[in-house]
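Okay, here's what each chain looks like letter by letter:
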Amino acid sequence: MRYVKHYGTWGYILHRLSGLALTGYILIHIYLVSGLHNRPAWQSEMEIFRHPLLVVLEWCLFSVVVYHALNGLRIFIIDYFNGARYQKQLLSAVLVLSVILFAAMGAVMFI
Amino acid sequence: MIQVKVKVYRFNPENDQQKPRFETYTVEADPKDKVLDLLHRIKWEQDGTLAFRRSCAHGICGSCAMKINGANMLACEANLKNFKDPTNIIVEPLQSLPIIKDLVVDLKDFFKKYEIVKPYLINKTPPPTKERFQSPEDRQLIDEATWCIQCASCSTSCPSNWKNPNFLGPAALLKSYRYNFDSRDEGTAERIHVLDTNDGVWRCHTIFNCVEACPKDINITWHISQLKKKLVSREY
Amino acid sequence: MIIKHDVVIVGAGLAGLRAALEASRNYDVAVVSKLFPTRSHSGAAQGGIAASLGNVEEDHIDWHFFDTVKGSDYLGDQDAIEYLVNDAHPAIYELEHMGCPFSRTPEGKINQRKFGGHTKNYGEGPVLRACFAADRTGHMILHTLYDQCVKNNVRFYSEFYVTDIIVKDNIIRGITAYDMEGGEYVAMHAKTVMFGTGGYGRAFKITSNAHANTGDGLGVVLRAGLALEDLEFVQFHPTGVYKYGILVSEGARGEGAYLINNDGERFMEKYAPKLMELAPRDLTSRSIQTEIDEGRGINGENCVHLDLRHLGEAKINERLPEIRSFCRKIIGIDPVEEPIPIEPTAHYSMGGIPVNVDGEVLADGKSQKVEGFYAAGECSCVSVHGANRLGTNSLLEAVVFGRRAGKTMVKFLNAKGVDKADLPEDQVKASFDRIEGFKTRTGEEKVGTIRKELQQVMMTKVGVYREEKGLKEALEKVRSLEKRFEKIKIDDKGMKFNTDLTEALELDNLLQFAELIVSGALNRQESRGAQYRRDFPKRDDVNWLKHTIAVKKDGKIQYDYKPVVITKFQPQERKY
Amino acid sequence: MSFQYEGAGKSGSFAWFFQRITGVILFIQVLAHFYIAHNTWDAGHDWATIIARLSNPYMRTFYLVFVILGLYHGLNGLWSVLRDYHMSAGKRKLLFGLVVTVGIFIGTLGFITMLTLPAVQ
C-alpha cells in the first residue's frame, strides 16, 4: 500500500526532514556554546571542529540550511503570490540553486 | 492486442479466512483500453465476485476513483498507453479509508466532512424576482472550484489525511472555497470557523499530492492557500 | 429491517433531488439511490437548460412552446408542455438563487446559447435559449441541488438498490431494496414514494448513458403490473464519440461546430437547409446515419466528423472545456487540432412511467391513479417530449416536473396526513425471496454475455432506422435471451456489496422492458420523431396520433392507446 | 476510524502566519550570519573576533533575535509536525508542554550565554 511520491511530495519530505534536522542542530548548538565561557574552552572546542569529518558535516549542514531556506521561500510564494500555479518550476529552481550554492560553498571551504 | 497482468486487491469481509490479498488476472487488451475496461472484462468473463464502483465511464461521475500503479486516478480515464509498463497493472482501493469489499471503500467520513463545511449558498437577503447578478469575473473566481466531482482521489492522496483522519481534506476545503468566494454568498462568517481549527486548513502543508491526483485538473492547493489568506487577513 | 419515512424518493438525479428539496421543507424525506447522489447521470448533461429568459436576445415563452411541440413531432401533450415552458422561468431563477453557477453575460445575467430545434419566431432560425454553465450544466445543477438537500437535512440512503414497490389496493405502501454496503435486504415504509430513476440507455451497445442507467424504475413498475407509455421512442443523440458513445454536447454545434462527411462537405445543408447543424436530434441522427449508410462515413467507417477547429482554442476552453478534456484523456484527440469522429448514440428515453402533469403515476396510463406514487424526470412520460425531445428540455423537465411532483406530494401529505397504510408482509417477503432466488439459479450462462448480446441486437435492429424484419428478429432474440436468463449463474453468493447480484437484477429489468421497446416499435406502423420505420417512412396522423400504453400481464404484452392533448398548435408537416 | 469533528478550537492562523513571517526574517538573517561568520574561516571562529562582534550592541541584538526566532520557528515547526498526528487531548498537552519547556530552557541558556559574555581580553 505505497503511494507514488510525486515531485511536490519530495519537496515536502525534504523540507520536513531538513527542518527537523535544523531544529535539532540549533538546540544542540546553543547548548554546547553556552558552556564555553573562556578562551581556552572555546579554542579547544574549535580544534575539534577542524577535524575533516566535522568539516564535511558542516558543509552538509550548509546544504540543509540552503534547501530549507530556499524551499521556505517557495512555500511563501505559494501561500502569498499564486505560486501554487507553478510549484514544480519553483521546486526545480530551489533544487538547482541549492546544488549550485552547495558546490560554491564546497569551493570556498576546500579550495 | 496485448496481454495485461492485472494485480487486484481483494478483500471479502464475509469470509474470515480470506485476509486482504492480491489476485492476478491475465486479460487481453487493446493498448488504448482503460483500466476500467480491464476490470469489467475480469468481472464479466473471469470472476464475478470482484466488486468495484463505476458508472458514467467518462470521468464526470467520480465513482471509479482508485489507486492504480500507486497513484489515485479514475479507472475510466486510466489509459494503458500512459503507463510505463502497460502489461503490469496494480489496482488497489483508495488509501486510508475503511474497505467494504475489494476496491470499494467506505466514503461515509468523506461525505461527513463535506457536510461540515456548509456546502451551500447562504444569502439572507430575499432574492430578486429574476437572477442575482454576478459579473463574469466573479464567476471566473469560483469556476475551477466548481469542477469538483467528489471522487475522493484528492483527500485519499493527502499525507496529512493519512496521518490524521480528522483533517477535513482537500475536497471539503475546495468546496468551502467554492461557496466562500462566491460573490452571491453571505455566509462566510458562519462557515469559516470550521476551517480555522487544527483539523482545518492548517493541516495543509502544500504537498500537492491532491493536485497530482485530481482527475479534473483542479489546483486544489491554490484554493486552500486563498482560504488561508482569507483567514489570516480576517484576524490581523 | 424496516425503515420509515414520510416521503421516499428513489433516484438522486435532478428530478429526485428537486422533489426532495421541495418536500423536505415540511416533511421527513429519504432519498434512495443505487449510487451516491452526485454520481447520478444528470451530472453528465453538458449543454444547457432551456428557458426563454431572453437575456441575450428576444425570446418568448410561446416560441419555446411551439418549438417543443414541433420537436415532439406533435406527439407531446400540449397541456404538459405549457406547464414546462411557463415553469421554466421560476425553475431556473430558483436554481440560480440556490447558487447554481451559470455562465454569465457581461452584464451579469445568466448566459444563453443556441441549441438544436430551438428557434425564433416559430421556426425562422436558431435562438439563444439554453442557459448554461460552460459544458457542465448538469453537473453544476446536480451539485447545487445536492448541496441544498444537505442544507435541508434530507436523509440519503446511498447504494441501496431498489428492487420492488409495494402496492396494494392501488395505494403505495413502500419499497424494498438491497442495502449494498450494509449487506441486507430492507423494506422502506412510506406514505408517498416518488420515482426519478432515469433512463435505460444501457439497453443499447453504443450509448451516452452511464453503466448505471439500466432503467430499473421501469422494470420495477412493470413487475408491479402498472403500465408504461411510449417506450418505442428512444432518442439517438447525433454526436456520440465513435466507438465509445460518450456524448459530445449539442452545445458544440450551438457554438458553431460543423458536421463533415468523408467528402469534406457540411452535409446538413441537404437535410435541414434552414437550421443546418442545429436541426433537432432525430433528424440530425438520421442524416448522419444516412451519410454513413451511403458510404460517406470517414474512411468508410461508421462515423462522420464533428469539426470544432474553426472555433479556436480560446472559445473551446471557455465554452467547451469538459469536451476537450475527455476527448484528450479518453480518445486521445484534441478537438482544437483534430475533428472528433462521431456516430449516433442511444441517449434518452422519451417514454416511461405514465404520469399526469402533477407527477401522479397513472396505473392504467390514463386516469386511474396509484395513491401516493409519483414519478418525474427521464423515467416518467408526462409527455412533454412526445416522439422526440429537444436538447436542453430534459434538464428542464427534470427540474420543473421534479418541483411539481414535490409540491403535489406536500399537498397530498397536508391533506391526508402522514399515517401510513400498513405494509403487507407477504409482498415484502416475496420481493426478498425473488432477489435471493437469483443467487440459487443453476446454469452456466453469464450475465455479461447475455447483456452484451441484448445490447448488440438492440443497437443494430432497433436503432436509428427500423423495419419490420429486423424488429421481428430482435423480438425473437430478446425472448430467447429471457429464456437463457433463467439459467444464469452468479459467482458471488455473499451479501456485502454484491455487484454480481445487482448486475443480474439490472439485466432482468433491461430484458423486461426491452421486449416492450421492440414490440412497441413493431406495433407502431409509422415514422414519427425518433421512431423511423423504413417500411412506413411517413407520419400517419390519422391512425397513430396517439400514445402507446403497454402492460405486461402473465408475460404477455397488452396494448392500449390514449389520445394526444392538442390545445394550441395543430399538427403540420415538420420541416427545418 | 470514524470521523469526529472536534469543533472550533484554538485558531491556528497566528501560528501559520507567524511561521511565514519568521521564516522570511530568518532567511535574511541566515544569509547575514553566513556572511559574518564564515567569510573567512579563522576570522569567523576566533575567540577574539567572536567577543568583539558580540560586544557590538547591534550585533548582540541581531543574534538575540536570531536565537529567539530560530528557536520559535524550529519548535513551532516541530509542534506542527506533531500535530499532524491524531492524538488524545492528554498526550497533546503533554507534548506541547515538553516542546515549550525545551524552548524556554534552551532560549534562556542562549540568552545567558550572550548577555554574560566576558569583555574582550
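Basis of the calculations
Residues numbered from 1 in each chain as written. Chains lettered and ligands numbered in written order. Predicted model: local features only at pLDDT ≥ 70, side-chain atom pairs only at ≥ 80, totals over all residues. Heavy atoms only, no water. Helix = DSSP H or I, 4+ residues; strand = E, 2+ residues; numbered from the N terminus. Buried < 20%, exposed > 50% of the residue type's maximum accessible area, 1.4 Å probe, protein only. Contact = heavy atoms within 4.5 Å. Areas by Shrake-Rupley, 256 points an atom, 1.4 Å probe, with all protein chains shown as cover. Phe/Tyr/Trp six-rings, centres within 6.5 Å; stacked < 30°, edge-to-face > 60°. Lys NZ or Arg CZ within 6 Å of the ring centre and 35° of its normal. Buried area = accessible area lost by both parts, 1.4 Å probe. Salt bridge = Lys/Arg side-chain N within 4 Å of Asp/Glu carboxyl O. Polar contact = N/O pair within 3.5 Å; in protein donor to acceptor, adjacent residues only side chain to side chain. Pairing = 2+ DSSP bridges. Axes fitted to C-alpha atoms, helices over the stretch in contact; angles between N-to-C directions. Core = buried A, V, L, I, M, F, W, Y, C linked by side-chain atoms within 4.5 Å. Domains from an automatic or database assignment.

Colleague: Give a description of the overall build of chain D that names residues and reports values.
Modeller: A count of helices and strands for chain D gives five helices and zero strands. Listed by position from the N terminus, the elements making up chain D come as α-α-α-α-α. Buried positions account for 36% of the 121 residues belonging to chain D. Of the contacts made within chain D by residues no fewer than 6 positions apart, 71% connect residues no fewer than 24 positions apart. Summed over its atoms, the accessible surface of chain D is roughly 6700 Å², and 73% of this surface lies on carbon and sulfur atoms.

Colleague: Which residues make up the packing of aromatic side chains, and what are the values?
Modeller: Enumeration over the complete set of coordinates arrives at 36 aromatic pairs over all chains. Among the aromatic residues, ring-to-ring pairing joins B:Phe110, B:Phe111, B:Tyr114, C:Phe36, C:Tyr146 and C:Phe156 into one connected group. When the ring centre of C:Tyr348 is taken as origin, the NZ or CZ atom of C:Arg389, which lies over that ring, is 4.1 Å away.

Colleague: Lay out the interface of chain C and chain B in plain terms, naming residues and giving numbers.
Modeller: If you look at the interface, chain C gives 60 residues, while chain B gives 68 residues. Roughly 5300 Å² of surface becomes buried between chain C and chain B when both sides are summed, with 51% attributable to carbon and sulfur atoms. Considering only the surface of chain C that becomes buried against chain B, C:Arg39, C:His211 and C:Lys329 emerge as the three largest contributors, covering 14% of it. Seen at the junction of chain C and chain B, the total is nine salt bridges. The salt bridge partner of B:Asp217 is C:Lys329, with a shortest N-O separation of 3.5 Å. Connecting chain C to chain B are 37 residue pairs in polar contact (both at pLDDT 80 or more). Elements supplying a minimum of two residues to the side of chain C that touches chain B: helix H3 (78–97), helix H4 (137–151), helix H10 (321–331), helix H13 (447–461) and helix H15 (499–523) of chain C.

Colleague: Account for the sheet that holds strand E5 (residues 125–131) of chain C, with residues named and values stated.
Modeller: Residue and element names in this part refer to chain C. As summarised here, the arrangement of the three strands in space is E3-E5-E4, forming an open sheet in which the pairing is antiparallel. One side of each edge strand has no neighbouring strand; the edge strands of this open sheet are strand E3 (49–50) and strand E4 (112–120). One ladder, built from two bridges, connects E3 with E5; its direction is antiparallel. Residue pairing in the sheet places Ala-50 in a bridge with Ala-130 of E5. Lying over the sheet, helix H2 (residues 61–71) contacts E3, E4 and E5, oriented at roughly 60° with respect to E4.

Colleague: How would you explain the nonpolar core if you had to name every residue and give the values?
Modeller: In terms of nonpolar packing, the biggest core is built from 228 residues, with B:Val35, C:Ile49, C:Phe195 and C:Phe373 touching the most fellow members. Among the elements that take part in this core, H15(C) stands out by supplying 13 residues, more than any other. Domain assignment of the residues forming this core places at least three in each of domain 1 (2–105) and domain 2 (108–232) of chain B. In contact with C:Phe195, not counting residues within four places along its chain, are C:Val10, C:Ile165, C:Gly217, C:Val220, C:Val221, C:Ile353, C:Phe373, C:Tyr374, C:Ala375, C:Ala376 and C:Cys379. Core analysis: the second largest hydrophobic core is formed by 29 residues, C:Ala272, C:Leu275, C:Leu320 and C:Ile323 among them.

Colleague: I'd love a proper account of the pattern of salt bridges, names of residues and values included.
Modeller: Residue and element names in this part refer to chain C. The full count for this structure, using the stated rule, is 90 salt bridges over all chains. Linking Arg-574 and Asp-73 is a salt bridge whose minimum nitrogen-to-oxygen distance equals 3.6 Å. Linking Arg-574 in the segment after strand E20 (556–563) with Asp-73 in the loop between H2 and H3, this pair joins segments that are 501 residues apart in sequence. The exposure classification of Arg-574 matches that of Asp-73, with both residues buried. For Lys-562, the salt bridge is made with Glu-229, and the minimal N-O distance between the two is 3.6 Å. With Lys-562 in strand E20 and Glu-229 in strand E10 (residues 228–229), the pair connects residues that are 333 residues apart, well separated along the chain. Each of the two residues, Lys-562 as well as Glu-229, counts as buried. Put simply, Asp-73, Asp-230, Glu-232, Asp-282, Arg-286, Arg-524, Glu-526, Arg-528, Arg-539, Asp-541 and Arg-574 are held in one network by salt bridges that share partners.

Colleague: Tell me about the sheet that holds strand E1 (residues 2–10) of chain B, and name the residues and values.
Modeller: Residues and elements named next belong to chain B. Spatial strand order, E2-E1-E5-E3-E4: five strands in an open sheet with mixed pairing. Here the strands that pair on one side only, and so sit at the sheet edges, are strand E2 (21–29) and strand E4 (71–74). Strand-to-strand twist of the sheet, defined as the mean angle between neighbouring strand axes without regard to direction, takes the value 35°. In the sheet, strand E3 (residues 65–68) pairs with strand E5 (residues 88–92) via two bridges, with the strands oriented antiparallel. Bridge pairing in E5 links Ile-68 to Val-91.

Colleague: Break down the arrangement of the chains for me, citing the residues and quoting the values.
Modeller: The interface with the most contacts, out of four pairs of chains in contact, is the one formed by chains B and C. Structurally, chain A and chain C remain out of contact, their C-alpha atoms never closer than 18 Å. Contact between chain C and chain D is absent, and the minimum C-alpha spacing across the pair is 16 Å.

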